[in-house]
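# Structural overview
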Amino acid sequence: MSPDLLLRIGSATLDTLYMVAIAGLIGSLIGLPIGIFLATSGKGELFPAPTTNRIVGLIVNAARSTPFIILVVAIIPFTRLITGTSIGTKAAIVPLTIATIPFVARLVEAAIREIDKGLIEAARAMGATPMQIVFKVLLAEARPALTLALTMTIVSLIGYSAMVGAVGGGGLGDLGIRYGYQRFMPDVMLVVVIVLIVLVQLVQSAGDGLARHFDRRSRKN
Amino acid sequence: MSVSAYTAPAPGDAAVIFDGVSKHFAASGKSGAFTALDTVSLSVGRGSITGIIGRSGAGKSTLIRLVNGLEKPTGGTVLVDGVDVGALDEAGLRELRRSVGMIFQHFNLLSSRTVFGNVALPLEIAGMDKQAIEKRVRPLLDLVGLADKHGRYPAELSGGQKQRIGIARALATEPKLLLSDEATSALDPETTQSILELLKRINADLGLTVLLITHEMEVVKAVTSDVAVIDHGRIVERGHTFDVFTHPRHETTRAMLSGLPGSKLPDAVSRGLKPQADDGDRAVVRLTFFGAAAERPLISQLIKSVGAEVNIIAGTIDEIGGRPYGSLVVAYGADAETAGRAERFFTENGLVTEVLGYVA
């Protein structure tokens, strides 16, 4: 493989990391509060708003059931509005972020719903405000699960980011399609796949390790 | 000997007053409408350890949650130190809850916080600064005997230790009232005793009123000064614990007491028990004695005055609130003559009797 190609692989990896990092960060920042809302706004819960809860739930479901590749195409006008273009790495961040939000929201909701209701009752009995319960009890107790949720989000994002290559986004997916597939260079394809596998492995192990570190529920710690 | 008449604490001496309190749950989803509490009136004396005992589903969990506003009554009023809980808004409720501690069956400790962090939580919630928290938490950990565990996580502790942390946490805001929701039900008998001892000590040393709910008569016997028996959302019996144990009036109370060791009849006897006597049957009678009667050689006197064979079937000598009492189940001839002599003996000696049935 030529040095030129190796350089391309290196820069494509950086592009992928860039897309995943930005989309993961913004998507999580927006998805987290939505997930908290979904988990706490049912009837008789901390911030009861059952109607809004149902509406938000519907929107989240709709966004999650839209195939990613269709989402990418469907929001091209929006992407153009924000980034001024619909092609390239920067443009790819927009659909990646939009897809991340409902994904994170559902994972966060599940993580928070896992928490024993007795802890919420205990905090209420101490005179905690609903906000104090969210920050001091729910988020603190859900930390291991939230870490795993974030890990899963990043792993999925790596996969999605390879898909945006098909519609002119940059990164490893783009490289794989253009060189590996269209120019029929199986060695490039192989390297792209290996780099993706290594990335996912690294993220998963780091996430698992961090989650274990946060988890105080077993005697092993 | 007569039962000392039970007088409810005067309103000024009551830490908690339930006045005609009802709680109905409307039908929702799978569960139909039902009444958890039906016009319950009860007062909890300041400085007392009051127990509310009932089977599961009797309404005791709902009752205790009305005190700190975790549940709202659908009728009647709940007064805590003269404050109508039902009339408080959310901010008022939070204020109240900071002056009422609560401990739980499953401890409800945060797994992500150390022992120290768990006890500090209510103080953080109250907005206390770090140094003041540090000063408050240390002596509490000493009080419950777990000062050496302050950096441990709940998962590293035993059930009894977890409940001690729960107690320290409940005491952190220096409440005047402690609510105990089946606090020993998940613990083994030995640990239960040590937790109950701790509650007793706190009650005596800090002058804290304790309101506890339980389904175990053992718990009521071991620590409470007053008890109320709840069944199907109604208070069916209430009084000083000693009186309720020695003179149970209601069926539910009797049934719950019969589970205590020493009160339980051997299976062989209880299986053969009949409500009516046939010729040649023997009467099975429970005698309860206390005070001076506990110190007399009752059995030998009984055998002499009945003039017939007396079998001892079950028995126990115990103490409630420092007062000794005995309970003895005996059997003797059910014929009119023997029974008459026995009854005279019981009346003369001030024994409380209850005919449980007859055996062949």
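Rules behind the numbers
- Residues numbered from 1 in each chain as written.
- Chains lettered and ligands numbered in written order.
- Predicted model: local features only at pLDDT ≥ 70, side-chain atom pairs only at ≥ 80, totals over all residues.
- Heavy atoms only, no water.
- Helix = DSSP H or I, 4+ residues; strand = E, 2+ residues; numbered from the N terminus.
- Buried < 20%, exposed > 50% of the residue type's maximum accessible area, 1.4 Å probe, protein only.
- Axes fitted to C-alpha atoms, helices over the stretch in contact; angles between N-to-C directions.
- Left-handed = near helix turned anticlockwise from the far one by under 90°.
- Nonpolar A, V, L, I, M, F, W, Y, C, P; charged D, E, K, R; others polar.
- Pairing = 2+ DSSP bridges.
- Contact = heavy atoms within 4.5 Å.
- Salt bridge = Lys/Arg side-chain N within 4 Å of Asp/Glu carboxyl O.
- Polar contact = N/O pair within 3.5 Å; in protein donor to acceptor, adjacent residues only side chain to side chain.
- Phe/Tyr/Trp six-rings, centres within 6.5 Å; stacked < 30°, edge-to-face > 60°.
- Lys NZ or Arg CZ within 6 Å of the ring centre and 35° of its normal.

Turning our eyes to something else, we now look at the environment of H240(B). All names here are of chain B. For H240, the location among the structural elements is in strand 10 (residues 234-240). By relative accessible area, which is 30% here, H240 ends up partly exposed. Sequence separation between H240 and A334 is 94 residues, and the spatial gap between their C-alpha atoms is 34 Å.

Let's shift gears to the packing of helix 1 (residues 3-40) of chain A against helix 5 (residues 89-113) of chain A. Residue and element names in this part refer to chain A. Where helix 1 contacts helix 5, the two axes come as close as 5 Å, and the packing angle between them is 35 degrees. Handedness of the helix 1/helix 5 crossing: right-handed. Each residue belonging to the contact of helix 1 with helix 5 can be placed in one class, and the counts come to 19 nonpolar, seven polar and four charged.

All names here are of chain B. Reading across the sheet, the six strands line up as 6-7-8-3-9-10 and stay open at both edges, with mixed pairing between neighbours. Each edge of the open sheet is held by one strand with a lone partner, namely strand 6 (100-104) and strand 10. Each neighbouring strand pair of the sheet contributes to a mean axis angle of 15 degrees, computed without reference to strand direction. Taken together, the five bridges between strand 6 and strand 7 (residues 177-181) define a ladder with parallel strand orientation. Following the sheet pairing, G101 is matched in strand 7 by L178. The strands touched by helix 5 (residues 159-171) are strand 6 and strand 7; relative to strand 6, the strand with the most contacts, the crossing angle is about 165 degrees. Along the sheet face, helix 6 (residues 189-206) touches strand 3 (49-53), strand 6, strand 7 and strand 8 (209-214) and points at about 140 degrees away from the line of strand 3.

With that settled, consider the side chain of T184(B). All names here are of chain B. In this structure, T184 sits in the loop between strand 7 and helix 6. T184 gets classed as buried once you look at its relative accessible area, which sits at 4%. What T184 contacts, discounting residues up to four positions off in sequence, is T192, I195, L196, E216 and V219.

The next thing to look at is the interface of chain A and chain B. Tallying the contact residues gives 22 residues for chain A and 25 residues for chain B. Along the contact surface separating chain A from chain B lie two salt bridges. The closest approach of N and O atoms between E121(A) and R65(B), which form a salt bridge, is 2.5 Å. Counting every contact that joins chain A to chain B gives seven residue pairs in polar contact (both at pLDDT 80 or more). Sorting the residues of the side of chain A that touches chain B by element identifies helix 6 (117-125) and helix 7 (130-141) of chain A as the ones contributing at least two each. Here the residues of the side of chain A that touches chain B are counted per class, giving eight nonpolar, six polar and eight charged.

With that out of the way, let us pick up the side chain of T224(B). Residues and elements named next belong to chain B. Note that T224 resides in the loop between helix 7 (217-223) and strand 9 (226-231). Of the polar contacts made by the side chain of T224, one reaches the side chain of T241; its length is 2.8 Å. In this structure, T224 is in contact with I49, T50, G51, L212, V219 and T241, ignoring residues within four places of it in sequence.

Residues and elements named next belong to chain B. Among the secondary structure elements, K264 is positioned in the loop between helix 9 (251-257) and helix 10 (267-272). The spatial distance from the C-alpha of K264 to the C-alpha of G45 is 32 Å, given a sequence separation of 219 residues. Look past the residues within four positions of K264 in its chain and what remains in contact with it is S258 and A314.

The next point concerns the pattern of salt bridges. Scanning all chains against the criterion turns up 27 salt bridges over all chains. The partner of R254(B) in a salt bridge is E251(B), with the nearest N and O atoms 3.7 Å apart. Residue R254(B) and its partner E251(B) are located together in helix 9, separated by three residues, close to a single helical turn. The class for R254(B) is partly exposed, based on a relative accessible area of 28%. E251(B) sits in the exposed class, given a relative accessible area of 56%. When salt bridges with common partners are traced through the structure, they connect E45(A), R106(A), E109(A) and R113(A) into a single cluster.

Next up on the list: the packing of aromatic side chains. Enumeration over the complete set of coordinates arrives at five aromatic pairs over all chains. Note on F68(A) and Y160(A): the rings are 4.4 Å apart at their centroids and 5 degrees apart in plane angle, and the pair reads as stacked. Pair noted here: F68(A) is in helix 3 (residues 68-74) and Y160(A) is in helix 8 (residues 143-163), with a separation of 92 residues, a long-range link. Look at F345(B) and F346(B): their rings are 6.1 Å apart centre to centre, the planes differ by 65 degrees, and that puts the pair in the edge-to-face class. With a relative accessible area of 4%, F346(B) lands in the buried category. Site record: aromatic cluster; members linked through ring pairs are Y332(B), F345(B) and F346(B). Between R183(A) and the ring centre of Y179(A), over which it is positioned, the NZ or CZ distance is 4.1 Å.

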